[in-house]
Structure formats: structure tokens, C-alpha cells
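A closer look at the structure
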Amino acid sequence: MYKVFSKIYDKFMEYSDYGAWEKVVESLIAEGKPDGKMLLDIGCGTGELLTRMAKNYQCHGMDLSEGMLKVADKKLRHRNVRLYLGDMVDFNTGFQYDIMVSLFDTVNHILSVEELESHFKSVEKSLKENGVYIFDVVDREFMNEMFPNDLFVDDRKDLTCIWEHEIEEEIDYIDATYFIKNSKGTFDKVCESYSKKIFTLEEIKNSAEKSGLKILKMIVNDQIAGRRNIFLLKK
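Below you will find a few notes about this structure. (Residues numbered from 1 in each chain as written. Predicted model: local features only at pLDDT ≥ 70, side-chain atom pairs only at ≥ 80, totals over all residues. Heavy atoms only, no water.)

**What about the overall build of the protein chain?**
Note the following rule: Helix and strand definitions follow DSSP, with helices as H or I runs of at least four residues and strands as E runs of at least two, each counted in order from the N terminus. Burial status follows relative accessibility: with a 1.4 Å probe on protein chains alone, a residue under 20% of its type maximum counts as buried, one over 50% as exposed, and anything between as partly exposed. Two residues form a contact once any of their heavy atoms are found within 4.5 Å. Residue exposure ignores everything except the shown protein chains as possible cover, and the areas themselves are Shrake-Rupley values with a 1.4 Å probe. Working convention for charge: Lys and Arg count positive, Asp and Glu count negative, and His plus the chain ends are omitted. Think of each charge as sitting on NZ of Lys, CZ of Arg, CG of Asp or CD of Glu.
For the protein chain, the count of helices and strands is 7 helices and 11 strands. Overall, the C-alpha framework of the protein chain stretches about 55 × 45 × 30 Å when taken along its three principal axes. Looking at the 235 residues of the protein chain, the share that counts as buried comes to 51%. Taking all contacts inside the protein chain whose residues are at least 6 apart in sequence as the whole, residues at least 24 apart take part in 63%. Of the roughly 11800 Å² of accessible surface on the protein chain, a fraction of 47% belongs to carbon and sulfur atoms. Counting 33 positive and 42 negative side-chain charges, the protein chain places the centres of these two groups 7 Å from one another.

Structure representation (C-alpha cells):
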């Protein structure tokens, strides 16, 4: 997964306000009041959030993409951060955490309610008592705004992204085409496909509670990266 996207992810996200994300996470951690500072970033990508959180927390990161982890490893090689290749639907790093986070709508890559329940069960097993889990999801309104006429285009000087979107059996499928400027000044064309699912608030609430996690708070944030729901869960 993300074999191509991992190579251009930081370029694609260069305008993202990671500092704002950090502030939201820190605020929710303070509200959740975990007992310690051991943190796991689920779907850590190229490690941008971890470079910030590692200043104040003992951090681990996990991702399904080997490509993403290779980039993260280079960024974090001078920090004491362990990285794991793993599937968020069913995982166990061998450690328990005070804090777990999963941002940038990573949870939307889970494709069924059954897998969501499995995810929350893995989170619950990996959390210490009084531990907290912070994650965000996007909704149908977000997807409709991102894909007017089922198309998203991001055209820059050295990178063009074209994402074609369709919904089939309640799953959002995205076929991505990238034109990446190479050292010769010409463009390489590469393609990749992604899948997402929009969960209802009731599905999230029921799945979390089945797994022994309590929703302490949900906030709607439209100031960082489009409208999204951010959850604070506690064991």
C-alpha cells in the first residue's frame, strides 16, 4: 500500500499544518489525563507528527506501508523511536501505551464495521489502564467537497495529482494518477489505488463500546485539513 504515495507524500503534504495537529492532540491528551507518556502513532506515515511528539513523549510508530516507514526511519534515526510494520485492523507491538493516536483520517481506510471493531479491540488491548486513544475520521460531506464530479486535481510546478473517485457497495474507491517531475525535467507517470469507508457516528460509538473503550469527547474541526470529526476515547 502507498508504494508510490510514500515517495511523494511529504511533497503532497508540504502545506499541512502539523503544528496545529500537535496542539489539538496535546489538548485532548491533557483532557484525557493518561498516567504516562508512552505513545503509539497508528498509521504514522513518514513520521512528521512523531518528529514533534518525540520531544515530550516516548514514541513508537506503526504503518502498513514499508515505503512510508523507510522515509520515517530516515527522519527519526537520531531519535529513540521504534517503528513497526503492522495492520491497524489487528496488531500487537508487544508494548502497552498511555496514548495512541491515528490522524489524517487513517481510520477511514478500515473497510467494514467488523474490521473497525477488531481495530478498537487491538487498541484496547494495547492501552494501559486510563490510557487514551485520539483519532479523526472524515464524513460524506468532506468526500463530496473533495471530489466534485468525482474528481480531485492538485496541479503544482513539479507534481500533478489526479484522483478519480467512485462509490461502490458503500466503499469509496480512488484511482490516483501522479505526474512527477524527474531530474531530466520531464514527468514520470505513476498510478495507485486507495479505498476508504465513511462510518456513521453510531457505528463508531457502538464499535468502541463493544471493545471496552469509552468516548469522552468528539469535536468537529474544520480549521486544519477540511471538516473532520476528532474523537477522544479512554480505557
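**Thoughts on the nonpolar core**
Selection criterion: Definition of nonpolar core: a set of buried residues of the types Ala, Val, Leu, Ile, Met, Phe, Trp, Tyr and Cys, connected through side-chain atoms within 4.5 Å.
The biggest cluster of nonpolar side chains holds 26 residues, and the ones touching the most others in it are Leu39, Met53, Cys59 and Ile134. Broken down by secondary-structure element, the contributors of at least two residues to this core are helix 2 (18–32), helix 3 (48–53), helix 4 (66–76), strand 4 (97–102), strand 5 (127–137) and strand 11 (228–234). Broken down by element, the residue count for this core peaks at 6 residues, all from helix 2. With residues up to four places along the chain from it excluded, the contact list for leucine 39 reads Leu50, Met53, Tyr57, Gln58, Cys59, His60, Tyr97, Ile99 and Val101. In this structure, Ile42, Tyr84, Tyr97 and Val107 belong to the second largest nonpolar core, which totals 25 residues.

**Side note on a negative patch on the surface**
Applicable threshold: Patch members must show over 30% relative accessible area and no salt bridge, and they are joined within 9 Å when carrying like charges or within 5 Å when they are nonpolar side chains of Val, Leu, Ile, Met, Phe, Trp or Tyr. Salt-bridge detection follows one rule: a side-chain nitrogen of Lys or Arg within 4 Å of a carboxyl oxygen of Asp or Glu.
A grouping of Asp150, Glu164, Glu166, Glu168, Glu169 and Asp175 is seen on the molecular surface, where their side chains present a negatively charged patch. With 3 residues, the single largest contributor to the negative patch is strand 7 (residues 159–168). Within the element layout of this structure, glutamate 168 appears in strand 7. The class of glutamate 168 is partly exposed, set by a relative accessible area of 43%.

**A word on the sheet that holds strand 10 (residues 214–221)**
Note the following rule: Criterion used throughout: strands pair if DSSP finds at least two bridges between them. Simply put, an axis is a line fit to the C-alpha atoms, just over the touching stretch for a helix, and the angle between two N-to-C directions goes from 0 to 180 degrees.
The strand order across the open sheet built from 7 strands is 3-2-1-4-5-11-10, with neighbouring strands paired in mixed fashion. What marks the edges here is a single partner per strand, and that holds for strand 3 (82–85) and strand 10. Sheet twist, expressed as the average angle between the axes of neighbouring strands with direction ignored, equals 15 degrees. Bridge count for strand 4 against strand 5 is 5 bridges, and the pairing is parallel. Residue pairing for strand 5: serine 102 is matched across the bridge by phenylalanine 135. Along the sheet face, helix 4 touches strand 2 (58–63) and strand 3 and points at about 175 degrees away from the line of strand 3. Against the sheet, helix 7 (residues 201–210) contacts strand 5, strand 10 and strand 11, and its axis sits at roughly 15 degrees relative to strand 11.

**Notes on the state of the cysteines**
Note on terminology: disulfide describes a covalent bond linking the sulfur atoms of two cysteines. For clarity, the cut-off: Pairs of cysteine sulfur atoms within 2.5 Å are identified as disulfides in what follows.
One pass over the full model with this rule turns up 0 disulfides. Left unpaired, cysteine 59 is separated from the closest cysteine sulfur, that of cysteine 44, by 10 Å. For the unlinked cysteine cysteine 161, the closest cysteine sulfur is that of cysteine 191, found at 12 Å. With a relative accessible area of 0%, cysteine 161 lands in the buried category.

**Thoughts on the sheet that holds strand 7**
Pairing is antiparallel across the open sheet formed by 4 strands, whose spatial order is 6-7-8-9. Strand pairing shows two members of the sheet lacking a second neighbour, strand 6 (151–155) and strand 9 (187–196), which therefore form its edges. With strand direction ignored, the average angle separating the axes of adjacent strands in the sheet is 15 degrees. Here 10 bridges tie strand 7 to strand 8 (residues 171–181), and the two strands are oriented antiparallel to one another. Bridge pairing links isoleucine 162 to threonine 177 in strand 8.

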